[in-house]
Amino acid sequence: MFKPVDPKVDFVKLEHEIIDFWAKNKIQEKYLLKNESSKELFRFLDGPITANNPMGVHHAWGRTYKDLWQRFFTMKGKRQRYQNGFDCQGLWVEVEVEKDLGFKNKKDIEDYGIAKFVNKCKERVLKYSKIQTEQSKRLGYFMDWDNSYYTMSDENNFAIWNFLKRCHKKGFLYKGRDVVPWCIRCGTAISQHEILGEEYKEITHKSIYLKLPLKDKKNEYFLVWTTTPWTLTSNTALAVNPDLDYVRVKVGNDYFYLSKGTLSIIEAEYEVSSQMKGKELLGMEYEGPFNELESQEGVSRKVIPWTEVGEEEGTGIVHIAPGCGEEDFKLGKECDLEIISPLDDAGVYNPGFGFLSGKSVRDVTEAIFENLESKGKVFKIHEYTHRYPTCWRCKEELIFRLVDEWYIAMDKKDPEDKDKRTLRQQMIDNAKKIKWIPGFGLDRELDWLSNMHDWLISKKRYWGLALPIYECSCGHFEVIGSKEELKEKASSGWGKFEGHSPHRPWIDEVKIKCSKCGSEVKRILDVGNPWLDAGIVPFSTLNYSKDKKYWEEWFPADFITESFPGQFKNWFYALIAMATVLEDKAPYKTVLGFATVKDEKGEEMHKSKGNAIWFDDAAEEIGVDVMRFMYLRQNPVFNLLFGYHVAADVRRKILTFWNVYSFFITYASIDKWQPLKEGSDVSSRPLLDRWILSELNSLIKFSEEELSQFRAHLFMERLEQFIDDLSTWYVRRSRRRFWKSENDKDKNLAYQTLYEVLLSLTKILAPVIPHIAEEVYKNLSDNKESVHLEDWLETNEKLIDSKLSQKMAEVRNIVSSGLAARAEKGIKVRQPLEYVAVFSKETLSLDLEELIKEELNVKELKFFDDLENLVDEINALNLTCSKESLEIIEDRNEKKPTSLVALNTKISKELIKEGLARELVRQIQDMRKKADFDVSDRILIYYQTESLNLKETIKDFTEKKAYSIKKETLAKEIKEGKEKADFEVDLKINGEKIWLGVKRL
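Keep in mind that this is a model prediction, so the values were computed, not measured.

### Concerning the overall build of the protein chain
Inference 1: Along its length, the protein chain carries 32 helices and 35 strands.
Inference 2: A globule of 1001 residues ought to have a C-alpha radius of gyration of about 30 Å, yet the protein chain, at 38 Å, is considerably larger.
Inference 3: Counting only C-alpha atoms and orienting by the principal axes, one finds that the protein chain spans roughly 115 × 80 × 60 Å.
Inference 4: A buried classification covers 57% of the 1001 residues belonging to the protein chain.

### Considerations on the sheet that holds strand E26 (residues 590–594)
Inference 1: With parallel pairing, three strands are arranged side by side in an open sheet as E16-E26-E25. In this open sheet, the two strands that pair with only one neighbour each are strand E16 (435–437) and strand E25 (560–563). Going from strand to strand, the sheet's axes swing by 20° on average, the running direction of each strand aside.
Inference 2: Where helix H3 (residues 57–75) meets the sheet, its contacts fall on E25 and E26, and the angle it forms with E26 comes to roughly 145°.

### Details of the environment of Leu799
Inference 1: Within the secondary structure, Leu799 sits in the loop between helix H25 (770–780) and helix H26 (802–825).
Inference 2: Looking at Leu799, the relative accessible area reads 22%, which means it is partly exposed.
Inference 3: Once residues lying within four places of it in the same chain are set aside, the contact partners of Leu799 are Val682, Leu693, Ser694 and Asn697.

### Quick word on the sheet that holds strand E17 (residues 455–456)
Across a sheet, paired strands are connected by hydrogen bonds in the backbone, their directions being either parallel or antiparallel.
Inference 1: Taken in spatial order, the four strands of this open sheet run E5-E4-E15-E17, and their pairing is antiparallel. Two strands in the sheet have a free side with no partner beyond their single neighbour: strand E5 (188–189) and E17.
Inference 2: As paired elements, strand E4 (residues 173–183) and E5 share two bridges and run antiparallel to each other. From the neighbouring strand, Cys183 faces E5, where its bridge partner is Thr188.

### Re a nonpolar patch on the surface
Inference 1: On the surface, a nonpolar cluster with roughly 250 Å² of combined accessible area is contributed by Phe440, Val637 and Phe638.
Inference 2: Mapping Val637 onto the fold places it in the loop between helix H20 (624–633) and strand E28 (640–642).

### A word on the environment of Cys881
Inference 1: Along the chain, Cys881 turns up in the loop between helix H28 (867–877) and helix H29 (883–890).
Inference 2: Given the relative accessible area of 9%, Cys881 is considered buried.
Inference 3: Between the alpha carbons of Cys881 and Glu868 there is a distance of 15 Å; along the sequence they are 13 residues apart.
Inference 4: In contact with Cys881, not counting residues within four places along its chain, are Ala821, Glu824, Ile874, Leu886, Ile889, Val901 and Ala902.

### Focus on the side chain of Gln89
Inference 1: As for its position among the elements, Gln89 is in the loop between strand E2 (85–87) and helix H4 (91–101).
Inference 2: Looking at Gln89, the relative accessible area reads 0%, which means it is buried.
Inference 3: Within polar-contact distance, the side chain of Gln89 engages the side chain of Asn157 at 3.2 Å.
Inference 4: Polar side-chain contacts of Gln89 include one of 2.5 Å to the side chain of His503.

### A look at the side chain of Lys66
Inference 1: Mapped onto the fold, Lys66 is located in helix H3.
Inference 2: Beyond its immediate sequence surroundings of up to four residues, Lys66 is in contact with Phe44, Asp46, Gly47, Tyr141, Thr561 and Glu562.

### Let's talk about the environment of Gly499
Inference 1: Here Gly499 is to be found in the loop between helix H13 (494–497) and strand E22 (511–513).
Inference 2: Classification of Gly499 by relative accessible area gives exposed; the value is 77%.
Inference 3: For the pair Gly499 and Arg387, spaced 112 residues apart in sequence, the C-alpha to C-alpha distance is 48 Å.

### Points about a negative patch on the surface
Inference 1: A surface patch of like charges, here negative, comprises Glu884, Glu887, Glu890 and Asp891.
Inference 2: Of note, Glu884 is situated in helix H29.

### Re the packing of aromatic side chains
Inference 1: Overall, the coordinates contain 61 aromatic pairs when judged by the stated rule.
Inference 2: Ring centres of Tyr667 and Phe738 lie 6.5 Å apart, and the angle between their planes is 45°; this geometry places the pair in the tilted category. Remark: Phe738 occurs in the loop between helix H23 (712–734) and helix H24 (745–765) and Tyr667 occurs in helix H21 (residues 644–670); sequence separation between them is 71 residues.
Inference 3: Note on Phe738: relative accessible area 2%, which makes it buried.
Inference 4: Linked through ring pairs, Phe42, Phe44, Trp61, Tyr65, Trp69, Phe72, Phe73, Phe559, Phe594, Phe710 and Trp792 together constitute an aromatic cluster.
Inference 5: The aromatic ring of Phe21 is capped on one face by Lys778, whose charged end is 4.2 Å from the ring centroid.

### Observations concerning the nonpolar core
Inference 1: Membership of the largest hydrophobic core comes to 228 residues, with the highest contact counts inside it found for Trp69, Ile408, Trp455, Phe642, Phe664 and Leu761.
Inference 2: Take this core: its biggest share by element is 13 residues, from H21.
Inference 3: Excluding residues within four positions of it along the chain, Ile408 makes contact with Phe163, Leu164, Cys167, Phe172, Leu173, Tyr174, Leu423, Asp454, Trp455 and Ile457.
Inference 4: Core analysis: the second largest hydrophobic core is formed by 51 residues, Leu232, Phe290, Ile320 and Tyr407 among them.

### Focus on the packing of helix H22 (residues 687–708) against H26
Inference 1: For the pair H22 and H26, the least separation of the axes is 10 Å and the interaxial angle reads 110°. By the angle between their directions, the pair H22 and H26 is classed as roughly perpendicular. Relative to H26, the crossing made by H22 is left-handed. Between H22 and H26, the residues in contact are Leu687, Leu688, Arg690, Trp691, Ser694 and Glu695 and Leu804, Ser805, Met808 and Arg812, respectively.
Inference 2: Per-class residue counts for the contact of H22 with H26 are five nonpolar, two polar and three charged.

### Points about the packing of helix H19 (residues 615–622) against H20
Inference 1: Two numbers describe how H19 lies on H20: the axes approach to 7 Å, and their chain directions differ by 105°. Viewed along their axes, H19 and H20 adopt a mutual orientation that is roughly perpendicular. Residues Phe615, Ala618, Ala619 and Ile622 of H19 touch H20, and the partners they reach there are Val624, Val626 and Met627.
Inference 2: Class assignment of the residues belonging to the contact of H19 with H20 gives a composition of seven nonpolar, no polar and no charged.

Criteria and thresholds
Residues numbered from 1 in each chain as written. Predicted model: local features only at pLDDT ≥ 70, side-chain atom pairs only at ≥ 80, totals over all residues. Heavy atoms only, no water. Helix = DSSP H or I, 4+ residues; strand = E, 2+ residues; numbered from the N terminus. Rg over C-alpha atoms; globule rule 2.2 N^0.38 Å. Buried < 20%, exposed > 50% of the residue type's maximum accessible area, 1.4 Å probe, protein only. Pairing = 2+ DSSP bridges. Axes fitted to C-alpha atoms, helices over the stretch in contact; angles between N-to-C directions. Contact = heavy atoms within 4.5 Å. Patch = residues over 30% accessible without salt bridge, like charges linked within 9 Å, V, L, I, M, F, W, Y side chains within 5 Å. Areas by Shrake-Rupley, 256 points an atom, 1.4 Å probe, with all protein chains shown as cover. Salt bridge = Lys/Arg side-chain N within 4 Å of Asp/Glu carboxyl O. Polar contact = N/O pair within 3.5 Å; in protein donor to acceptor, adjacent residues only side chain to side chain. Lys, Arg positive; Asp, Glu negative; His and termini not counted. Charge placed at Lys NZ, Arg CZ, Asp CG, Glu CD. Phe/Tyr/Trp six-rings, centres within 6.5 Å; stacked < 30°, edge-to-face > 60°. Lys NZ or Arg CZ within 6 Å of the ring centre and 35° of its normal. Core = buried A, V, L, I, M, F, W, Y, C linked by side-chain atoms within 4.5 Å. Parallel < 35°, antiparallel > 145°, perpendicular 65-115°, else oblique. Left-handed = near helix turned anticlockwise from the far one by under 90°. Nonpolar A, V, L, I, M, F, W, Y, C, P; charged D, E, K, R; others polar.

If you want it as structure tokens, here you go:
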């Protein structure tokens, strides 16, 4: 019945064989249809993977989670949509296409042609979505791959148009002028959402301490520090803290103003001539760094108050350039400062900036220093290392630039809301309705929602959502909500657009009439923030605008999962924002966030560092089931350290299960054992069988509870413990039962029990390691179709014996303590001992007592129900205890122990002989293995020795009832004298020489 099993299994080879089996037998197609008539739903929403490059191992963590729960709920009979998603639009794709084409900037794109460039972006997305689909299949991920959604689709883009029209109707959409992070290579704003912690890099810049002359005062200067010298061209004020202490100090013939707490920056001798509060400096005028430039004409500069000024670094006097910094711009508006914006989209100085005009901001630092030096305005220049933001896509350093962008307002009241809440308040309320795993996810989301700026949704790029905003020169703008509305309002260009996707440049051809002044209006050229693309999928993929009943059936999602870093202010946020605007509902009920995949040393994986591991490489090196096991056992709160050494440890855990399976198949095949059709009455089975079946059903119950609550790592912890118990306790303790005669009832019960456990485990393991589980299931189930078409196991509550579990746990504690005592004394387990003394509050059955005796290899158990009596015995007979037991004895007045074990380690001559016999058996078993004998082979044993002790031992224990060498080694006969053997060795046992030979019959 059972096919042979290779104990030296090649998991990678096995996986490919199973993938072929699935394809040949259409298992995935049958899986997808398994619950098509079910009325119970599991509404899973897939966060789209960016179709831009092949998968790395970090992608596989989340995709394993997704497959785990979809498989589990499929086994639970829930109907699902199984729809995978691909994120297609945005800067991440554009940058890679630019690299492929050798482009340096946006001008290269426009010279090449926007249409050709956008088509290249589409081609890249289609190429990598196919690659990622095949990689996901290699992972064992079952999805309706032919029904994957693409965020570049017309449905997705037009669904966002509808969302933006609703935002406009509610008064949330507006055009704002603000200083924002800007990437000069990409030529676009970078929203607050896109600057994550990891986008800040430790960068060293040259910083400068400036001497800015006070107006109408000779040789008096404000001492000012900046790490961004390029912004000095746009300085319009200096800020001080009104409540901070400042000083006027004399250095040589010059006087400098700075805060008292920053005096250490002055390295020369100085004298404090006066001290004042910052408020006394307010309104004082000074000469700017570049008063001579044309762009500075008419600008008056003075000292303004700012309570945020501190003394941790710098001089306590802050250079303010409202056109070059977020906080500066806000302060500039509050204090009515003039705003100078020096740079164009590409980071090149505009006309009016003299020697800097036409130069890139990246190339001007030294020129600025030289100019300031020539004017006597440099106090000190030094290297300064700090955390500085970079572009999340191209990794270039960002600047801050004053630009016009489009925003969704967070703090404007919703006129359609009965409570007149703002969008921010509505989103906070909806976020609180969601179950966040881990629990701190809600705190993170609420912190973000409470403090975030308005949502910057525009980008001055090419490949993305074409924002459906038509802005007229009269100041009026309109938002188009659908393709049909655009066609209806189009005044020209529809013919050039029709037949194309709603992307640039084709959509740019369509013009409409301004409803206010009647002028013909073009669409703004901006494209949308890519998180709009992903945030709309609960609507675009569920036919929100076409089949509301279908949408209501599948919304909200029961569950979503993505990596936490960043997503609480990207996808998780976008989903909440868009669902709040459209329906004022939470878009998902439960979200599982997980940490980051790093290398084995805990470092970020980067191709440039050489420590990145690509999915394909890992899959073919260690196998995807090992990867999946590794991901699922990880506590999602913590970063996962991925590497081949870690994987080797995980593989050994899976091998524990495989070895039990291999053991079963080996012996069952030898005995031609067949499963009992109706099983057998469990209550009549031996104690170990009842125990493992009780543990199995406890595992089934626990697994269902934890998986239903999306706690994979706790489920895996219990699963691993069960597999370990199965191997190291049940199988090891039952091993001899599989060696007995064919008609032995106990052996059949052992087979039946282990068979039932293994078959059940394949179903529990199916969502975890789908390839290995399938292979084992096929062999055990007499080639039933697939484990992935089976239902989840039902817990048999009648088989859960909690008392037995408690007593078995007590037995194992006793055994563990006793083995530790042996180790303390350096006595091998093969050496029998006279007795073990046990303090226990549990009354144990004879079966359990025999377990203890066999595990500890003692002849007798002495039970004590009074701890002091046991202590007296230990002291009187000098019994040996483990360190743990000794600690328990010392603390017994404060801590009442539940169990305690002490060994009598005095060894009689008879016990020494039995120890020798057991050592002989171990050597012979090792010889059998090295001779490559089959486990069922009967043998002859030959021996020759001058040791009377060894001769006497062999004679006494050849067929002794308590311990038989023949029985333990499957020997038909043991003969003295050297004869021709299949395998022979010369060795020493306890220092005494012996020759041993074994021959297969």
